[in-house]
Amino acid sequence: MSRKRKAESGEVLKIGNKTISLEGYLTKKPKTASTPSTSTSDNNTPAPSTENDATTPTDPKEFKPSRPLTGDPSLFATRRALPLYLYQDRIRSILSKKDVLVLVGETGSGKSTQVPQFLYQERWCQRRRVKVKTKTREETVNVGGVIAITQPRRVAATTLAGRVAKECGTPLDTSGRGTGKDQEKGLVGYSVRFDHRVPPGTKIKYVTEGMLLQELLRDPHLRQYSAIIVDEIHERSVDVDLLSGFLKQIVTGDKAGRGGIPLKVVVMSATAQVERIKKFFSSDDSLKKGTSGEEVEYLEIEGRQFPVEVIHEPKPVPDIQEALLKTVFKIHTQEPLSDKHGKKDILCFLTGQEEIEAAQRLIEEFAETLDPKVPKVKVFPLFGQLSMEAQHEAFQPIKHPFTRKIVLATNIAETSVTVPGVRYVVDCGKAKVKQYRPRLGMESLLAKPISKSSAIQRTGRAGREGPGKCFRLYTADTFATLPKTDLPEILRTDVLGAVLTMKARGIDDVLSFPLMDRPEIDAVENALVHLHVLGALGDDGRITDTGRKMVLFPVTAPYARVLLAAADPRYDCLLEAIDIISCITAGDDIFMQVRSEKDKEAVDVYRKELQRREGDLITYLNTMQRFVSTPSADRGTFCKQRRINVRNMRQALNIRKQLRSLSVKNKMLAEFPMPDAEVTYQPVSPETAERILKAFLKGFAMKTAVLAPDASYVTAHGKHVVAIHPSSSLHGVKREAIMFLEHVYTQKNYAKKVSAIQAGWIAEALAA
DNA sequence: GAGCTGGGG
């Protein structure tokens, strides 16, 4: 089983039957000649832009803004040092005249924290009472007063709010509690799923993109707001693309719903590749004479990055692991361990867990062969499926003074987390990307070349704390052929959810909704048909009552359909469906992967108890029911024994609570269920399990397969062969028919989250 | 018989 590996001292490394030559890359003495001749520097590191506007002097000490800083004086010095400080008058002046500003500011410019503080006292930002006409009558409403700043991630929204509250010197209790009327007044708040802190008097509100889309459902004109600041738009999530469309409609529309008061929009990006964004908001086609407010202003602000030298490979590398090993040890043996800026650690970008674990083994084995005079290395893997503690380890500085840290990461380290101490980046040039195939109704997850923008982002990770170097394991020519930017998510994903989002917010003609990038018509048509099958759209293509109920739940359309079916007396299994959906939508699988064979045996003993012959869904239900009936004190052990991801389980409990209370609110549950402590665990009967699976079929009848005579599973829709994924409890098991919730192409065409069903149930689900 | 980039309501 265990592959034989042998590290040899000298210049050759053997792994199994593979021999890697390290000739010319290793000099056992740390001090040698400087950088090899292949070294080239390209112009990707952001050069400070020359700003020759008269209103922005170059010395922050001489600059006197038209309005003094307010808030906590102890933080003034830090804020004055931010590049953005010099631009505050300019930004205020632009927005007093124009409605849309596109602002490019590299990481560290301070845009996310400072821009809202520059604006909230502006005259146009005051709340106003205005008359608006509704269908039936005229009414007086409040418009404006608050600035919203959207963020792609919850953690960003909450931490930014905390920091800005501190700068403003107003309270924001992020510790919990502090709700209701005992809340103190404050300038700054935030609102993310499961967590809302909006003190009375809030003028600056950090929200996730999804949250603002939710608000749009209740308030299509965003009347509460004077301005929306869309941050990190370059990440191009589906949510930000939809949001941009709605904002464009408000900005360029007749504003009657806002009593004629304009909504200001500031779009902020970390990369300068904003042509498409600029053009999108400039509303060329809808430009009307006499309304100058529609014009878009553009401003670019330098970041605070140290220079990073970029080194490409002279010729294409045949083996990425080999190239990585050579490069890592070239850095390790030729570059200093630290300098006046601090430690000089290495961050490597790889595609996935498998590649990372292989690289870790290689590096650790080779490190053992190094001369004792050479500093030690310590390797840390970093990918999403890793436990919180293991991820945390990669962020800790190494205490030992004679050791260099090497972090092997997926693109989790590109945007989601920042590893401190990094001064060398090694970039393999690839990343795994998920792409939806509308024709096949499945997605693929494959390693593909990254974009230039992504490569530059990775490079930048070497220059956060001091001057750095980035080694690209591909040639300069290859870099030149990379696409400029990544494909936005809306072109890579099932647009089912996006289409329902539009329909629910009054967009009847989804094909003419303004989007920066339009999905193919095929993809949209597929989504429309699918929504019709789910009953969310009627024959006329308009949203149905079922569809309106579906959007009230924070889950994708098929899951929402399952919840509605489960609430139907015919199936009567809403609480069970909620338990299952909570487990499934809580992030990655609550069952973590077990790395060693020995651990796997021990864990499987416990996991087997949870597994049910009906398959993964009922296993999840069993797991949730067992978990909540376990006393709190024993839950940690329960998770540990079964290698259940505690973080995801906690998230599942939050989702469960939210779905339960939404069910009560939407009259699908008569009353709140009994507290878990009062429920004794009892495994569901086979009869109940059957009802549950039939309820799930109302959302997933399209994702079924029947066992063929040759013992393969063939999908009912499309007639493709699928294999049951090894993560499923039904892997290797043959049943009459299966339902699966996910369908992914990796090494093979895989079905995941699989349940055993009867073939007859499929037609039954599609009929009624 | 064989495995998984990252987010969000």
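The rules behind each value
- Residues numbered from 1 in each chain as written.
- Chains lettered and ligands numbered in written order.
- Predicted model: local features only at pLDDT ≥ 70, side-chain atom pairs only at ≥ 80, totals over all residues.
- Heavy atoms only, no water.
- Helix = DSSP H or I, 4+ residues; strand = E, 2+ residues; numbered from the N terminus.
- Buried < 20%, exposed > 50% of the residue type's maximum accessible area, 1.4 Å probe, protein only.
- Contact = heavy atoms within 4.5 Å.
- Areas by Shrake-Rupley, 256 points an atom, 1.4 Å probe, with all protein chains shown as cover.
- Pairing = 2+ DSSP bridges.
- Axes fitted to C-alpha atoms, helices over the stretch in contact; angles between N-to-C directions.
- Salt bridge = Lys/Arg side-chain N within 4 Å of Asp/Glu carboxyl O.

A. Structural context of the overall build of chain A. Looking only at helices and strands, chain A has 24 helices and 28 strands in total. Scored against the burial criterion, the 768 residues of chain A give a buried share of 51%. Considering only contacts within chain A whose residues lie at least 6 apart along the sequence, 72% involve residues at least 24 apart. A total accessible area of about 36,500 Å² is found for chain A, and carbon and sulfur atoms account for 51% of it.

B. View of the sheet that holds strand β23 (residues 468-475). Read across the open sheet, the 6 strands follow the order β14-β23-β20-β17-β19-β18; overall the sheet is parallel. Strand pairing shows two members of the sheet lacking a second neighbour, β14 (308-313) and β18 (376-382), which therefore form its edges. This sheet shows a mean twist of 20° between the axes of neighbouring strands, independent of strand direction. Of the strands in this sheet, β14, β17 (345-349), β18, β19 (403-409), β20 (422-427) and β23 touch helix α8 (residues 320-334), which is tilted by about 155° from β23. In this fold helix α12 (residues 452-460) packs onto β14, β17, β20 and β23, with an angle of close to 145° to the strand it touches most, β23.

C. Structural context of the pattern of salt bridges. Scanning all chains against the criterion turns up 33 salt bridges. Lys434 is the salt-bridge partner of Glu443, the closest N and O atoms lying 3.9 Å from each other. One salt bridge connects Arg643 with Asp599, and the closest N-O pair in it is separated by 3.2 Å. On the criterion of sequence distance, the pair formed by Arg643 in the loop between α21 (632-642) and α22 (646-665) and Asp599 in helix α19 (residues 597-610) is long-range, its members being 44 residues apart. Note on Arg643: relative accessible area 27%, which makes it partly exposed. For Asp599, a relative accessible area of 30% translates into the label partly exposed.

Function-wise, these values are silent; they only describe arrangement.
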